[in-house]
Amino acid sequence: MATPHATGADELEIAQAMLARLPGLGPRSARRALLHLLKHRERLLTPLVDALARVAAALGECPECGNLDVVSPCRICTDPRRDPTLLCVVADVADVWALDRARLFPGRFHVLGGLLSALDGVGPEDLSIPRLLTRLDGVTEVVLAMNATLEGQTTAHHVAARLAGLPVKVSQLAHGVPVGGELDHLDEGTLAQALRLRRPL
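Residues numbered from 1 in each chain as written. Predicted model: local features only at pLDDT ≥ 70, side-chain atom pairs only at ≥ 80, totals over all residues. Heavy atoms only, no water.

**Student:** When you look at the layout of surface pockets in this model, what are you seeing that I'm missing?
**Tutor:** As a volume, the largest pocket reaches approximately 390 Å³. What lines the largest pocket is a set of 16 residues, and nearest its centre among them are Arg 75, Ile 76, Arg 82, Asp 100 and Arg 103. Of all the secondary-structure elements, those providing two or more residues to the lining of the largest pocket are strand 2 (68-69) and helix 4 (93-101). The residue makeup of the lining of the largest pocket, split by class, is eight nonpolar, one polar and seven charged. Each pocket or cavity is described by its volume, and for the second largest pocket that value is around 150 Å³. What lines the second largest pocket is simply Ala 91, Asp 92, Ala 94, Asp 95, Asn 147, Glu 182, Leu 183, Asp 184 and His 185. (1 Å grid on protein atoms, 1.4 Å probe; cavity = no way out; pocket = protein on both sides within 12 Å on 5 of 7 lines; lining within 4 Å. Points joined across faces, edges and corners; volume = space filled by probe spheres on them. Helix = DSSP H or I, 4+ residues; strand = E, 2+ residues; numbered from the N terminus. Nonpolar A, V, L, I, M, F, W, Y, C, P; charged D, E, K, R; others polar.)

**Student:** When you look at the side chain of Arg 82 in this model, what are you seeing that I'm missing?
**Tutor:** Along the chain, the position of Arg 82 falls in the loop between strand 2 and strand 3 (86-90). Reaching out from Arg 82, the side chain makes a polar contact with the side chain of Asp 100 at a distance of 2.2 Å. A polar contact is formed between the side chain of Arg 82 and the backbone oxygen of Gly 107, at a distance of 3.0 Å. Excluding its chain neighbours within four sequence positions, the residues that come into contact with Arg 82 are Ile 76, Asp 100, Phe 105, Pro 106, Gly 107, Arg 108 and Phe 109. (Polar contact = N/O pair within 3.5 Å; in protein donor to acceptor, adjacent residues only side chain to side chain. Contact = heavy atoms within 4.5 Å.)

As structure tokens, this is what we get:
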């Protein structure tokens, strides 16, 4: 027997629960956000729903770098102003957006799709390292921009080992990224210093 569709208060609870799944939003923050959207339906809620529907229909993973965009390849990979000799390797799409938002890195990016973590069952085979190795033609420097966490540094050393012996300079972010810090949470000044002071690995 089919379950009837939720209506009324149930639908509001479902919407609140979905919002509460977003990073930085707990149940109380989600409730406030939902109430604000409902009070401003025409100005906020309807345009937001329409925009999310368009993004959901068009969004895809870039076949070259792993970034998310509504065009393929992504706009970063096809930007002729980018330096093709510089490649910045990051763990996640959020890191690409953080670095690109600050306009600090002139080259292109490669998204690994995560970090090595024995606890989470993420091994080298789960990361896009093979695709990275196919993208090195014409690249003179690979910058490993990993979070300053145990998992981030373990991943950076593993990738550096895979690049060892290849005719490419390998560097990583230096001072400016605090231990335990995540790139998406850093301000532009900190990111700029980390990129300027990158060092060989």
